[in-house]
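# Understanding the architecture of this molecule
Listed below, chain by chain, are the residues.
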Amino acid sequence: MGSMEEKFDEQLLILYASQTGNAMDAAERLGREGERRGCPSVSVLSIDEFQPIDLPNKKAVIFIVSTTGQGDNPDSMKGFWRFLLQKNLTREWLKGVHYAVFGLGDSSYQKYNFVAKKLDKRLSDLGAAAIIERGLGDDQHPSGYEGALDPWMYALWNMLYQKNHKLLPNGPDFVTPDATFIDQPKLQIIYHDIEEEVPPLSSAKELKYLEMQLERARSMTPGKFSGNDRPDCFLKMTKNHLLSRPDSGKDVRHFEFDAVSSIMNWVMFLEVLPGQSPAAVDAFIRRCDLNPESYITVQPRVQPREAENHHFLNPPSSPVKLKSFIELTMDVASASPRRYFFEVMSYFATAEHEKERLQYFASPEGRDDLYQYNQKERRTVLEVLEDFPSVQMPFEWLVQLVPPLKTRAYSISSSHSAHPNQVHLTVSVVSWTTPYKRKRTGLCSAWLASLDPQQRVFIPAWFHKGSLPPPPPSLPLILIGPGTGCAPFHGFVEERALQSKTVSTAPIIFFFGCRSDKDDFLYRDFWLSHSQKNGVLSEDKGGGFYVAFSRDQPQKVYVQHKMREQSTRIWSLLTQGAAVYVAGSANKMPSDVFSVFEEIVSAESGVSREAALRWIRTLEKAGKYHVEAWS
């Protein structure tokens, strides 16, 4: 029994729940730091690779969890959280377990670091003891989440040592001298000598070939991609139409696509895998001295001590061409690399001044300067490698450390019944200028805008139903969607207009907001035609369409102002059981809209603000107050 106890005493388990890779990055950094400080056994696992029933057997567990969108758990944490909420778990269930929680969030959102706060409270309720007060990383901090992670980590080692000397037998301040490079890449690459595959000529076979390449490439790097490696369908663009006025400073597009393979009945969101610039991919291949024509498979390099914890379910993949692998999985010319990328680069720099600068960037002292150089400027992997020409990194390290090429999610703006087998999107082409006046654009939106419907480009897509079923025709709706937030509501109105031809439909009130009547009044004719004589948005049917132009008059007018003006109408629909949908990209907009609802409920029904708040919370619980916001 003694040896079993000791094994638990010496093991540090780090569990992460990541949506975009930041929490995984922080957890791996914590794991490396634990090893360098002499911890005998460190395990870093995604939370869905861990059996929650084993939690009471662990002595020291560190959780690194991110909060997504509106305070939701990352997908990988949903099963674990359901398990923790079971009613039969007692207040003693985790007695003897020591834990620490670090959260990654964004303080511009209402439910800042909600997941970390909930997890901390639940673990404590189940009898676990906190090693250290929870840490909360904030995207808004000048150094991002690392601003809070660095001091928290330093305090964590001290507290861990006080709780259990065996975890850090060399003391809390011991660190392996950095002269020795103790890390090994987590992956190994095998090169294959095979005949060149000839892509098929017919459309159907070409799609099958593309699907196979994509699935092979993405399945080789487990943990980097959430969701299914095989796309639900391929889309072909049929329309690329500018909605905003040219030269208005905004570029908002209406895209239409045909689904070239199967399509689901009703979906609310679509994830698209963007294409990368062929010139950038070629430049990366040249800079890293790779052979684009070689065929590779990527496999985990499992360390002997980790063999028991890692169950890679993926059978050995079939080889894929190196160039295709980079195009489909590695973001070489859009996303910024992580801090660890600079640390690993420093080991491969042969020019002394480059090595020193990279070591400084990877150090705690250089953190803020790295943040300015890297994240603030949105430096790409290709740009960083070109800034440090003496670095020649092995391909294994690049595959491990180059940010994954991520899908981008968009709300679908068409009704499935009105446009079967088609998908329409409303997309704002993202562009900005960095502090050093470098122009940057969003990878996916700019790529979609550059496509010509005449070209035969097949776009891999994944469907998501969203958290709510489509509203039935008898349900009154209150919709608030400034800017491209109007996208899902364009689909709702299309659907209801079609239904109203055969059944009686409930009214819809829609509050839209934009800068000005001339520049970015998206889908103007569509909304206006449906708000006239007996249309689904018409006042004679109990609905209404109201626009806030923020810049067409001296004082700014937003959707909140228009809502106050229609207070009685909103209350009347709420009493008829209306559902509320809020969508858009402004950080403060959802919470401002929420307060206006509180005001309206309180004023119209004559109750206190507290009672109004409780009433709206009940609406939320019943699935009738739905927020979809993006940053």
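On a predicted model such as this, the values are computed, not experimentally measured, just so you know. (Residues numbered from 1 in each chain as written. Predicted model: local features only at pLDDT ≥ 70, side-chain atom pairs only at ≥ 80, totals over all residues. Heavy atoms only, no water.)

## Quick look at the overall build of the chain
Scanning the chain from terminus to terminus reveals 20 helices and 22 strands. The C-alpha radius of gyration of the chain comes to 27 Å, within 12% of the 25 Å expected for a compact globule of 631 residues. Its C-alpha atoms give the chain principal-axis dimensions of roughly 80 × 65 × 45 Å. Residue burial in the chain is summarised as follows: out of 631 residues, 53% are buried. If you take every contact in the chain between residues at least 6 apart in sequence, the share linking residues at least 24 apart comes to 78%. For the chain, the exposed area adds up to about 28700 Å²; of that, 51% sits on carbon and sulfur atoms. Within the chain, one finds 72 positive and 76 negative side-chain charges whose respective centroids are separated by 5 Å. (Helix = DSSP H or I, 4+ residues; strand = E, 2+ residues; numbered from the N terminus. Rg over C-alpha atoms; globule rule 2.2 N^0.38 Å. Buried < 20%, exposed > 50% of the residue type's maximum accessible area, 1.4 Å probe, protein only. Contact = heavy atoms within 4.5 Å. Areas by Shrake-Rupley, 256 points an atom, 1.4 Å probe, with all protein chains shown as cover. Lys, Arg positive; Asp, Glu negative; His and termini not counted. Charge placed at Lys NZ, Arg CZ, Asp CG, Glu CD.)

## Here we look at the sheet that holds strand E8 (residues 233-242)
Think of a sheet as strands paired side by side through backbone hydrogen bonds, with each pair either parallel or antiparallel. In spatial order, the strands read E13-E10-E17-E8-E9-E14; together these six strands make up an open sheet with antiparallel pairing. Each edge of the sheet is formed by a strand with only one pairing partner; in this case those strands are strand E13 (408-411) and strand E14 (422-428). Between one strand axis and the next, the sheet turns through 40° on average, direction left out of account. Two strands pair when backbone bridges link them, and strand E10 (residues 269-272) and strand E17 (residues 458-464) are joined in this way by four bridges, in the antiparallel orientation. Note on E17: the bridge partner recorded for Leu270 is Phe463. (Pairing = 2+ DSSP bridges. Axes fitted to C-alpha atoms, helices over the stretch in contact; angles between N-to-C directions.)

## Side note on the UniProt feature "binding site: FAD" (unreviewed entry) in the chain
As recorded in UniProt, the sites labelled "binding site: FAD" (unreviewed entry) are Arg378, Arg408, Ala409, Tyr410, Ser411, Gly442, Leu443, Cys444, Ser445 and Trp630. Here Arg378 lies in the loop between helix H11 (367-373) and helix H12 (381-387). On the accessibility criterion, Arg378 (29% relative accessible area) is partly exposed. Residue contacts for Arg378: discarding those within four places in its chain leaves Ser334, Ala335, Ser336, Glu383, Trp432, Arg438 and Arg440. Counting through the fold element by element, Ser411 comes out in strand E13. (UniProt positions renumbered as here; feature names shortened; annotations may be inferred.)

## A look at the side chain of Ser413
By the element assignment, Ser413 lies in the loop between E13 and E14. Once you skip the residues sitting within four places of it in the chain, Ser413 turns out to touch His424, Leu425, Thr426, Ala487, His490, Gly491, Glu494 and Tyr523.

## Things to note about the sheet that holds strand E7 (residues 187-192)
With respect to topology, three strands assemble into an open sheet ordered E7-E11-E12, the strand pairing being antiparallel. Of all the strands in the sheet, just E7 and strand E12 (320-321) have a single pairing partner and so form its edges. Pairing of strand E11 (residues 295-300) with E12 involves two bridges; the strand directions are antiparallel. Paired with Ile296 across the strands is Val320, a residue of E12.

## Observations regarding unusual backbone geometry
Here the phi dihedral of Asp289 falls at roughly 60°; this positive angle occurs in a residue that is not glycine. On the secondary structure map, Asp289 appears in the loop between helix H7 (278-287) and E11. For Asp289, a relative accessible area of 66% corresponds to the exposed category. Backbone geometry places Asn534, a non-glycine residue, at a positive phi of 60°. For Asn534, the position within the fold is in the loop between helix H16 (524-530) and strand E20 (544-549).

## What to know about the packing of helix H6 (residues 203-219) against helix H8 (residues 322-329)
Contact geometry of H6 with H8 gives a least axis separation of 9 Å together with a crossing angle of 80°. Relative to H8, the element H6 lies roughly perpendicular. Judged by residue contacts, Gln213, Leu214, Ala217 and Arg218 of H6 engage Ser324, Phe325, Leu328 and Thr329 from H8. Residues belonging to the contact of H6 with H8 are distributed by class as follows: four nonpolar, three polar and one charged. (Parallel < 35°, antiparallel > 145°, perpendicular 65-115°, else oblique. Nonpolar A, V, L, I, M, F, W, Y, C, P; charged D, E, K, R; others polar.)

## Overview of the packing of aromatic side chains
Considering all chains together, one arrives at 27 aromatic pairs under this definition. Both rings, one in Phe594 and one in Tyr625, keep their centres 5.5 Å apart while their planes meet at 70°; by these two values the pair is edge-to-face. On the criterion of sequence distance, the pair formed by Phe594 in helix H19 (residues 589-605) and Tyr625 in strand E22 (residues 625-629) is long-range, its members being 31 residues apart. Its relative accessible area of 5% is what places Phe594 among the buried residues. (Phe/Tyr/Trp six-rings, centres within 6.5 Å; stacked < 30°, edge-to-face > 60°.)

## So, H19
Between its terminal C-alpha atoms H19 stretches 24 Å, which fits the 24 Å expected from 17 residues at 1.5 Å a residue. All of the buried residues in H19 are Met589, Pro590, Val593, Phe594, Val596, Phe597, Glu598, Ile600, Val601 and Ser602. Contacts from the buried residues of H19 go to strand E18 (477-480), helix H17 (559-565), helix H18 (567-575), strand E21 (579-584), helix H20 (609-621) and E22. Gly606 sits one or two residues past H19 and shows a positive phi near 70°. (Expected span 1.5 Å × (residues − 1).)

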